[in-house]
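Fold and geometry: a report
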Amino acid sequence: MAEMCSAIDLDYNETGSKNKYFDSLTVPLSTSSMATGDQHNHKDNKEQLRPLLVFGPPTIFPVFEAQNFHNYRFLKAFSSQVPLRQFLTEQKVDPSSIQAIFCNPVQKVSADVIRLLPSLRIIVTSSTGTDHIDLVECSRHGIQVVSTAGDHAGDVADMAVGLLLDVMWKISAADLHVRKWGPSMPLNLSFGSKVLLILLLVQSMGALYIASFGFVFQLKGKRVGIVGLGKIGTAVAKRLEAFDCRIMYNSRNEKPFVSYPFYSNVVELAGNSDVLVLCCSLNEQTRHIINREVMLGLGKDGVIINVGRGALIDEKELVRCLMEAEIWGAGLDVFENEPKVPNELFALDNVVLSPHASSFTSDSFTESCKRSAEALEVFFSSNISSTPLLDD
Ligand SMILES: O=CC(=O)O
């Protein structure tokens, strides 16, 4: 058996198999969680509810809270500025009463946090990635880690394709450009004059556009190297096939049932690609997997799309390569030190920036909250702390 904790998706060694925990999870939300009970009574008695420590999901959390307010006493560590120990003291909560954490990648669940909570048994994250959780420490203490965002793959793949189209067509840059066009046309012109003026404007604006932006690229027929062919990478490949792209990939192991060419070496993959799409998880093997050598291999017309984690790319080198026109462009949903973004990127019109938002559809959120609640309900109702949670 491998480690105690595993991510469902974005796994560099993704096998396509689903997390067994959820495969076997048929228990619906408990009747209490669908309860009709009086909200106010529950609120009044909230100190008698099970404590649930909540880390880092200020956006998703209200959805989860609304669905589950009657089941837990939420200890919202994400909204506190003080150290966790002090926060719990202020809340009059004994650290040893906490068995579960609900979190997302915005806030780290570090070894210090884990050591502070001797009864911690389960961490549920509403994300695909689990790199914000100290998995080694979890393994050491027999703590289950449940990632509930396996269904985000389609959303993340949509975002990857959106970013790619945007970079190649410079859609965001063009949008900004058009917004700067001058005042609207005077209304008192005759119809003929208006048509003439529009034709002149369109011609000169088109010329101006090309002069300031250069030509853009079509996506059709491009060679796309996918790094990490798990659920997300596969969903990206499927979408890009519709654009007649030629797909190839790198992952830790060659996938037996996949017909796309496999490259065990990322530099070689880059050398044969026009576009690299990063979909793998972040771990010690994949940190800075995209370094200067890979970017130079990709070449001056190359585009990088990152929907995995920021630290998959050596960000300083990325900035340098973009500034020196060693690669053509980048679409980035993630950054190495979020929420910090290198200043230089703001000035580049061949870069499209997105705030780590590729799984932020309300559909995914709702699903993820539901699955998180289910995981917690199963844990608390059956206390299955010894149930294996591993992929094969
Ligand atoms: O980053 C988002 C996720 O891991 O789901």
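All values reported here derive from a predicted model rather than from experimental measurement. (Residues numbered from 1 in each chain as written. Predicted model: local features only at pLDDT ≥ 70, side-chain atom pairs only at ≥ 80, totals over all residues. Heavy atoms only, no water.)

1. With respect to the domain arrangement of the chain
For the record, the criterion: A domain assignment, automatic or from a database, supplies the domain bounds used here. In this analysis, two residues are considered to be in contact whenever any of their non-hydrogen atoms come within 4.5 Å of each other. Summed over both partners, the accessible surface that disappears when two parts come together, traced with a 1.4 Å probe, is what is meant by buried area. By definition, a salt bridge exists where a carboxyl oxygen of Asp or Glu is found within 4 Å of a side-chain nitrogen of Lys or Arg. N or O atoms closer than or at 3.5 Å make up a polar contact, with two conditions inside protein: a donor-capable atom paired with an acceptor-capable one, and, for residues adjacent in sequence, both atoms drawn from side chains. Residue classes follow a fixed rule: Ala, Val, Leu, Ile, Met, Phe, Trp, Tyr, Cys and Pro count as nonpolar, while Asp, Glu, Lys and Arg count as charged, and any other residue, Gly among them, counts as polar.
We note that the domain assignment places domain 1 (12-152 + 362-382) and domain 2 (153-170 + 216-353) within the chain. Contacts between the two partners involve 11 residues from domain 1 and, on the opposite side, 19 residues from domain 2. A combined buried area of about 1,300 Å² lies between domain 1 and domain 2, and 47% of that area is made up of carbon and sulfur atoms. Counting the contacts that link domain 1 with domain 2 gives one salt bridge. Residue R309 pairs with D131 through a salt bridge whose shortest N-O separation is 2.8 Å. Our count for the domain 1 to domain 2 interface comes out at five residue pairs in polar contact (both at pLDDT 80 or more). Of the residues contributing to the side of domain 1 that touches domain 2, the split by class is two nonpolar, five polar and four charged.

2. A few points about the site of the ligand
Note the following rule: Nearness is defined per residue: one heavy atom within 4 Å of the molecule or strand is enough. All accessible-area figures derive from a Shrake-Rupley calculation using a 1.4 Å probe, and residue coverage is judged against the displayed protein chains alone.
Neighbouring the ligand are S127, T128, G129, H152, R309, H356 and S359. In the environment of the ligand, an oxygen atom lies 2.7 Å from a nitrogen or oxygen atom belonging to the backbone of G129. Burial of the ligand by the surrounding chains reaches 90%, relative to a free accessible area of 190 Å². For the shell around the ligand, the class distribution of residues is no nonpolar, six polar and one charged.

3. A closer look at unusual backbone geometry
Keep this limit in mind: Helix and strand definitions here come from DSSP, where helices need a minimum of 4 consecutive H or I residues and strands a minimum of 2 consecutive E residues; each element is numbered from the N-terminal end. Any residue under 20% of the maximum accessible area for its type is buried, any over 50% is exposed, and the rest in between are partly exposed; the area is computed with a 1.4 Å probe on protein chains only.
Omega for the peptide link from E338 to P339 comes to 5°, which places this bond in the cis form. Here P339 is to be found in the loop between β10 (329-332) and α14 (343-346). For K92, which is not a glycine, the phi torsion comes out positive at approximately 60°. Looking at where K92 falls in the secondary structure, it is placed in the loop between α4 (84-90) and β3 (100-103). Overall, K92 belongs to the exposed group, its relative accessible area being 73%. Phi is positive for A325, close to 55°, though the residue is something other than glycine. Within the secondary structure layout, A325 lies in the loop between α13 (315-323) and β10. Residue classification places A325 among the partly exposed residues on the basis of a relative accessible area of 42%.

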